[in-house]
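# Commentary on secondary and tertiary structure
Single-letter residue listing:
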Amino acid sequence: MSRNRELFLFVVVALAFVLQLSVMPQFKLLGVQPDLILVVAIVVAVQDGPVAGAVVGFVGGMLQDIASPQVMGVSALTKTLAGFMAGVLKDFFMTYSILLPVLLVFFLTFFEILLHQGVMVVLGEDVLPPLRAGVMFAAALYNVLAVLVIYPLLRRFRFPEKEDSLLVTRRA
Amino acid sequence: MPAAPRTSRNRIILILLIIVCVSVVTLYVRETDSGPLHKVQNFFLDLVSPVSSVFAKVFRPIKDGFVNLVHLPSLSKERADLQREVAELRRQRIESKEIIEENQELRKLLDWGETQAEFETVGADIIGQSPDNWQRLMIVNKGSSAGVKKYMAVVTEEGLVGRVISVGSRSSVVQLVTDSRSGVGARIQRSRETGIVEGRNEEIIRFVPMNQDADIRKGDVIETSGLGGTVPPGVVIGKVSDVKKRSSGLDRFVEVRPYVSYSKLDKVLIIVTPEPESVILKEAQ
């Protein structure tokens, strides 16, 4: 990954975090809001691989943990794993179709929510918010809407190093 | 690069990240509220609040438009004015009811020294909300420099919003009564039956009466009881919207619709005087 791309991803994570904190809660539907950090982590994992996805998930999740009075490190952990898994899973599907990130975001939203709740149970959290299939489904659908915007945007900002290697591979 | 070393490098990075996360979680859970990680949270809140404040202001018109679109397309200024008027009338009606009942109680007890304490409040703008779907929190632009302390009650003219759970120097985090971790001492205004109002991460909250045989009717007004030492008594919370019996028939679900419309909140009041008993006790120690 080029230095420019790294810098770009850092700005994307920072922007996603600020939007998540101040803007996304305004657009709640059925009590849920899109999880931009998770979506960005998965999109980055699809475009740049599992480690990039995990690092973006880690940084974004940690920012999210620090910004709200919840147990620090839990969102970082769940989003790191979700980002990494997205990067690993995308290798099984040799496609550049937007359907891939859409499916990954849909299913990994369920994974991330269940993992988050599981970690909180392990930590002895006795009052957990009710976990309803409807809420998880709504959150997954909302995240899918977000990925339809974020995926093409992040694809537009791919930097020459990556493009060149792709072209070389195709020509060969 | 060969695939095998790259995979093992990926694994090492993942394991390192997991170790960092687990270490942070462990340290956070073990430390007290004044520990370094909690301080980092408060410091970061102050750092982010100006940016968040700008974004919140910029997106407020869009948010209002979205809320109007979601709730009712016909929502207009007239409706907002009417709602404000209704809220004001409701508050006046409830206040007068409250005064009458308090007066009766005082007469009974012959304790004329007890009077309704005047609340001193600090106005605050909402500059952010919980960044995830599992908490119902709001970030406001007033902190310890404005006299805000942990556990102080947050209200609007419509009723109780929640209480402060984390304080930075220029911003604070407010836990809404709808948060699933929120529990506020409450009572039924008509029958004075006490209980606890619990959030469920939904619009509707639940009143759990101390006495399972308590006289509770649909339409009863629920207000704070002052028990628990955080929220002052007599602040209205909501109205009983339904009383359901469990299938076992042993206890009841009392559903309460809060008066405050959380999705439309822009400004709140933080009650700084009288201070919550829990704060006074903590400071005395």
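Each value, and the rule that gives it
Residues numbered from 1 in each chain as written. Chains lettered and ligands numbered in written order. Predicted model: local features only at pLDDT ≥ 70, side-chain atom pairs only at ≥ 80, totals over all residues. Pairing = 2+ DSSP bridges. Helix = DSSP H or I, 4+ residues; strand = E, 2+ residues; numbered from the N terminus. Contact = placed C-beta atoms within 7 Å. Nonpolar A, V, L, I, M, F, W, Y, C, P; charged D, E, K, R; others polar. Buried ≥ 20, exposed ≤ 12 C-beta atoms within 10 Å, placed from the backbone. pLDDT = per-residue confidence, 0-100. Axes fitted to C-alpha atoms, helices over the stretch in contact; angles between N-to-C directions. Parallel < 35°, antiparallel > 145°, perpendicular 65-115°, else oblique. Left-handed = near helix turned anticlockwise from the far one by under 90°. Expected span 1.5 Å × (residues − 1).

## Describing the pairing of strand β12 (residues 267-273) of chain B
Residue and element names in this part refer to chain B. Bridging between strand β1 (residues 120-129) and β12 involves 6 bridges; their strand directions are antiparallel. What sits directly across from Gly123, in β12, is Leu269. Where strand β3 (residues 153-156) meets β12, 2 bridges bridge the pair, whose relative direction is antiparallel. Following the sheet pairing, Val154 is matched in β12 by Ile270.

## Quick notes on the interface of chain A and chain B
When the parts of a complex come together, some accessible area is lost, and that lost area is often taken as the interface size. Contact with chain A, which involves 39 residues of that partner, is made by 44 residues of chain B. Contributions of two or more residues to the side of chain A that touches chain B are made by α1 (3-22), α3 (50-67) and α4 (74-90) of chain A. In terms of residue count, α3 of chain A provides more of the side of chain A that touches chain B than any other element does, 7 residues in total. For the side of chain A that touches chain B, the per-class residue count stands at 26 nonpolar, 11 polar and 2 charged.

## Structural notes on the pairing of strand β5 (residues 172-176) of chain B
All names here are of chain B. Across the 5 residues of β5, 5 count as buried, placing the element largely inside the fold. Residues Ser172, Val174 and Leu176 point to one face of β5 and Val173 and Gln175 to the other, with burial holding for every one of them. Pairing analysis gives 4 bridges linking strand β2 (residues 137-140) to β5, with the strands arranged antiparallel. Within the sheet, the bridge partner assigned to Leu137 lies in β5 and is Gln175. Note: strand β4 (residues 159-167) against β5, 5 bridges, orientation antiparallel. The partner of Arg163 across the bridge, within β5, is Gln175.

## Describing the confidence of the model for chain B
Mean pLDDT over chain B: 80, with 83% of residues reaching 70 or higher. Ignoring residues within four places in sequence, the model shows residues 109-116 of chain B, a span with pLDDT below 50, making 5 contacts including any to other chains.

## What about the sheet that holds β3 of chain B?
All names here are of chain B. An order of β1-β2-β5-β4-β3-β12 is seen for the 6 strands of this closed barrel, with the pairing classed as antiparallel. Put simply, the sheet's adjacent strands are angled 45° from each other on average, direction ignored. As judged from the 3 bridges shared by β1 and β2, these two strands associate in the antiparallel manner. Residue Gly128 lies in a different strand from β2, and its bridge partner there is Ile139.

## Thoughts on the packing of helix α5 (residues 99-122) of chain A against helix α6 (residues 133-156) of chain A
All names here are of chain A. Two elements in contact, α5 and α6, have axes separated by 8 Å at closest approach and are oriented at 140°. Our classification of the angle between α5 and α6 gives oblique. For α5 against α6, the interelement crossing comes out right-handed. Residues Pro101, Val102, Val105, Phe106, Thr109, Phe110 and Ile113 of α5 lie in contact with α6, whose contacting residues are Met136, Ala139, Ala140, Asn143, Val144, Val147 and Tyr151. Of the residues contributing to the contact of α5 with α6, the split by class is 12 nonpolar, 2 polar and no charged.

## Comments concerning the sheet that holds strand β10 (residues 236-245) of chain B
Residues and elements named next belong to chain B. Here 6 strands make up a closed barrel; going around it, the order is β6-β7-β8-β11-β10-β9 and the pairing antiparallel. Between one strand axis and the next, the sheet turns by 40° as a mean value, whatever way the strands run. Taken together, the 4 bridges between strand β7 (residues 194-198) and strand β8 (residues 205-209) define a ladder with antiparallel strand orientation. Of the residues in β8, the one forming a bridge with Ile196 is Val208.

## Considering α6 of chain A
Residue and element names in this part refer to chain A. Between its first and last C-alpha, α6 extends 35 Å over 24 residues, near the 34 Å set by a 1.5 Å rise per residue. Listed in full, the buried residues belonging to α6 are Ala139, Ala140, Tyr142, Asn143, Ala146, Val147, Ile150, Tyr151 and Leu154. In the core, the buried residues of α6 are packed alongside α1, α2 (36-48) and α5.

## As for the environment of Tyr151 of chain B
Residue and element names in this part refer to chain B. Residue placement: Tyr151 occurs in the loop between β2 and β3. A tally of 19 C-beta atoms within 10 Å means that Tyr151 is categorised as partly exposed. Sequence separation between Tyr151 and Gly229 is 78 residues; the distance between their C-alpha atoms is 8.9 Å.

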